Each structure stands twice: as structure tokens, then as C-alpha cells.
Amino acid sequence: MNTYYLYLIGQANSLVINQMLKFALYMYILDNTGSSVIYSNIIAFSMLPIIFFSPIAGWICDYVKKKKLIVMLDFTSGIILSLFFLLSNKVIAICIILFILGTLETPATQAAVPLITDDLNKTNTEIAQISSISAILAPILGGVIYNTFSINKIIIFSIIGFGITAFLESLIKMKNEQCIRDSAILGIKQGIKYLFVEEKEILKLVLYAGVISCEITGLLTIAFPYIIRNTLQYSTTVYGYAEGSLGIAAIGATFYYSFTRRKWDSNKTNNLVIGIGGCVMITGIILWMCQTRNVIFITILVLCSIIQFNINIFSIVCLSDIMRKTKEEYMGRIMGFVSMITNMFQPISQIIYGRGLEYTISGFGKFLIVIAVSILGISLYRKNVIKRDKK
């Protein structure tokens, strides 16, 4: 089978298994502890390995051949899950280990893309499509298996899945690569120097993407469900359909971009961010000025779907640009720093929006207007920088 498709199939298997497993383990912990505090703490703690271990994970990706690393990660995940049957009272420890392995897998699979294909836009788009679809299917599949059978069945299914994925990935043929042989400290220092001194354009792009993500993540993950369920008092079923619309927008964005990817440049990508700012502005004005329940619901449903559509395309283009500008020998470390920086912004965004939701609905509307002005200001400044660089 073609190496490219082996890689995509391996990614699909790995994403579905990891997301299904994470969902099932969360449910297992919640069911067995009965504590929402423990449950929420574990979810929050799951972000820490990504933030703190990403630079080390990036160095490992440049130190070890990426094919060996990807195969080893899936094989090791299967071994650790096998220990679940022997250490069933150590579920939290197993979760932590799997999260650390997941921290390694993200920069490893991203850094492997240039070694498999030269068409970075196409590959990143197809990976985003797989990720969006698996984000919808994995929890459904995990919930059905967990409720019908037990956590053990999901563990068995996952062990088999990781084994199959590792086997498929072992068949992948990558371009020759030169692995660094520096120590972890020296390797990370070189990565920092490369990002912060030698290639400031990459750093600016990473920070730009991170800041925009920070201003949007909380809206889609915190404010969107809170307003629909708590403020507007819609049923869980209605919220489920609303959440599904965001998933459809995410998938639609990846398919739309796959057909139009050659037409996108930095200026057009920046226009997406201006569109996001406009949608946030209109949402804020409606929440501030309008008191009609259904109007508010339709407004946030439509505009948040557009925001989801735009941010997905924006993320794909930014990731491809970062890969294209990064030297091969630094790819793993830069992808590690990208993962660390972008994930650092997520809890910040969630905290900011959590505070914003303490206001009344009209007060939160004003809060969104301030966010919109910030997004528009940053995007217009970025647009001027792009024009100046072209000259």
C-alpha cells in the first residue's frame, strides 16, 4: 500500500482509539469516584503534560527517527493498557502515562509529514478531516461500547487497535533524515535559539495563531454550551444538535479547504480572522441589545458555526506555513514548541471566558465586543505587516 495512505490510516486509527479511550476512562473515573471535583481535576491535569513535556517531546522527535518513534508510541500504549488488567486500581496513573505519550505523539506525527509528502497543505487538511470526524465518532463509539459492555472491552479493543496501528506504521517509508545527537538541554536550547533568534517569523506566526486561538477557544468550549444550557435554558437534546452543528462546520471547513487550498495565501488567511472578529462583534451586539430567546439562540448557533469554519481553515494554513518555513532538523522541536504555546493559551481562554460569563447576558455581550475589537485590531495589524513585507 502507498506510504501516504498507510500514514493516514495509521493516523485515523490512532486518533479514534485515543479519543474513544480518553472518553471511556473519564466515564470510568466519574462512575467509580462519583466526584465531579476529581473528574474536573483530572481533565484539567490532562493539559499539564502537553504544556510541560512538549519541548522535551520535540527534542525526542529530532533525536529518534520519527518512524521508529511513532511505531514505538503506539506499541507502548498497547503495553500500558495491557497492564490495566493487572493494575485495575491504578487507572489515574495509567491515564497520566497515556497523556504523556500523547504529548510525544502530536509533534512526532506532525514532524513526520514533510518526510512523507511535499504537499503539506493537502496532508494537513486530510489529517484535520480525520481529526474532526473522529472527534464526533469516537465518543459515540466509546459510549456505546462502555454502556453495552464494560471498560474492559474498550481496553481490549484499544490494545488490538494500537497493535494494528503500530504494524501499519512500521510499513511506512520515509525520506532519509538526520537525527541530532545533542543532549536534551542543549537540543532544547538550540530549538529556543532557532525559534526566538534565527527564525522570528515562525515565532510571530505561532504567537499570532496562539493569540487568536486564545480569544476564540473559550467562546466555543465554555460560552457556547453555557449560554445555550444555562442562560437560555434549552434542553440537552437541543444543545446536542447545536454542538453537532459546530462539528459539521469543522468537517465542512476541511473539505472546503481541500478543494481550494492552492488559492490561499497569507492575506486571504488573515481575512478569515477579520471574519471571525466580525462574527464575535455581531454576537456581542445581539447579546447586549436583544432579549428574545430564539433570536439569541439562532445568532450564536449560526455565527459560532462560521467561527468554527474559519478557525479550522486558519489553523491548517498556519500549521502548513510553520512546517514549510522550518528546517528539517528542527522540525520535531518546533512542533513541540507549537504544541506547548498553543495549548498554554487554551486554559487562559477558558478562565477569561469563565469570568466573562459571571456578568449578565447583556454584560457578556459587551465583553464579547471588547474581544472582537481586540481580534480585529490584531488581524488588521497583521494585514499591514504582510503588505509591508511584500513591498
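Residues numbered from 1 in each chain as written. Predicted model: local features only at pLDDT ≥ 70, side-chain atom pairs only at ≥ 80, totals over all residues. Heavy atoms only, no water.

Below, the discussion takes up unusual backbone geometry. Even without a glycine there, the phi angle at Q233 is positive, about 60°. Here Q233 falls in the exposed class, since its relative accessible area comes to 55%. (Buried < 20%, exposed > 50% of the residue type's maximum accessible area, 1.4 Å probe, protein only.)

Let us now look at a nonpolar patch on the surface. Side chains of I133, I136, L137, I140, V144, F255 and F259 sit close together on the surface and give an oily, nonpolar patch of about 680 Å² of accessible area. Mapped onto the nonpolar patch, the elements with two or more residues apiece are helix 6 (120-148) and helix 10 (236-260). Per element, the largest residue contribution to the nonpolar patch is five residues, and it comes from helix 6. Tracing the backbone through its elements, the reader meets L137 in helix 6. (Patch = residues over 30% accessible without salt bridge, like charges linked within 9 Å, V, L, I, M, F, W, Y side chains within 5 Å. Areas by Shrake-Rupley, 256 points an atom, 1.4 Å probe, with all protein chains shown as cover. Salt bridge = Lys/Arg side-chain N within 4 Å of Asp/Glu carboxyl O. Helix = DSSP H or I, 4+ residues; strand = E, 2+ residues; numbered from the N terminus.)

Aromatic ring pairs are defined here through the distance separating the ring centres and the angle between the ring planes. Within this structure, the stated rule accounts for eight aromatic pairs. Judged by centre distance (5.6 Å) and plane angle (85°), the rings of Y208 and F314 are edge-to-face. Highlighted residues: Y208 in helix 9 (residues 200-231) and F314 in helix 12 (residues 293-325), separated in sequence by 106 residues. Both rings, one in Y256 and one in F309, keep their centres 5.7 Å apart while their planes meet at 50°; by these two values the pair is tilted. Taken together, the positions of Y256 in helix 10 and F309 in helix 12 put the pair 53 residues apart, joining distant regions of the chain. Judged by relative accessible area, which is 42%, Y256 ranks as partly exposed. Clustering of aromatic rings is evident, with ring pairs tying together Y353, F364 and F367. Over the aromatic face of Y234 sits the side chain of R293, whose NZ or CZ is 3.8 Å from the ring centroid. (Phe/Tyr/Trp six-rings, centres within 6.5 Å; stacked < 30°, edge-to-face > 60°. Lys NZ or Arg CZ within 6 Å of the ring centre and 35° of its normal.)

Inspection of the secondary structure puts N312 in helix 12. When near neighbours in sequence (up to four residues on either side) are disregarded, N312 contacts S132, A250, A253 and T254. (Contact = heavy atoms within 4.5 Å.)

Moving on: the environment of L301. In this fold, L301 is placed in helix 12. For the pair formed by L301 and E243, sequence separation is 58 residues and the distance between their alpha carbons is 8.8 Å. Residues within four places of L301 in sequence aside, it is in contact with F224, A242 and S245.

The subject of this paragraph is the packing of helix 6 against helix 12. Remark: helix 6 packs on helix 12, axes separated minimally by 9 Å, with the N-to-C direction vectors making an angle of 140°. Here helix 12 runs oblique to helix 6, going by the angle between their axes. Every pair of crossing elements has a handedness; the one defined by helix 6 and helix 12 is right-handed. Here helix 6 contributes L120, N121, N124, T125, A128 and S132 to the contact with helix 12, which in turn contributes N312, I316, L319, S320, M323 and R324. Looking at the contact of helix 6 with helix 12 residue by residue, the class counts come to five nonpolar, six polar and one charged. (Axes fitted to C-alpha atoms, helices over the stretch in contact; angles between N-to-C directions. Parallel < 35°, antiparallel > 145°, perpendicular 65-115°, else oblique. Left-handed = near helix turned anticlockwise from the far one by under 90°. Nonpolar A, V, L, I, M, F, W, Y, C, P; charged D, E, K, R; others polar.)

The interhelical angle for the contact between helix 12 and helix 13 (residues 331-356), taken along N-to-C directions, is 150°, at an axis separation of 10 Å. In terms of orientation, helix 12 lies roughly antiparallel with respect to helix 13. For the element pair helix 12 and helix 13, the recorded crossing hand is right-handed. Touching L319, I322 and M323 of helix 12 are M331, I334, M335 and V338, all from helix 13. Along the lines of polarity and charge, the residues of the contact of helix 12 with helix 13 split into seven nonpolar, no polar and no charged.

Once that is clear, we can look at the pattern of salt bridges. The final tally for this structure, using the stated rule, is two salt bridges. Residue K204 pairs with E201 through a salt bridge whose shortest N-O separation is 3.6 Å. Pair noted here: K204 and E201 are both in helix 9, with a separation of three residues, about one helical turn. On the accessibility criterion, E201 (35% relative accessible area) is partly exposed.

The next thing to look at is the side chain of T165. Along the polypeptide, T165 turns up in helix 7 (residues 151-170). For T165, a relative accessible area of 0% gives the class buried. The residues contacting T165, other than those within four sequence positions of it, are G10, N13, S14, I17 and D74.

As for its placement among the helices and strands, I130 is situated in helix 6. Sequence separation between I130 and V16 is 114 residues; the distance between their C-alpha atoms is 8.8 Å. Those residues in contact with I130 that sit more than four places away from it in its chain are L8, Q11, A12 and L15.

The next thing to look at is the environment of N312. Judged by relative accessible area, N312 falls into the buried class, the value being 15%. Considered as a pair, N312 and S132 are 180 residues apart in the sequence and their alpha carbons are 9.6 Å apart. One polar contact links the side chain of N312 to the main-chain carbonyl oxygen of A250, over a distance of 3.3 Å. (Polar contact = N/O pair within 3.5 Å; in protein donor to acceptor, adjacent residues only side chain to side chain.)

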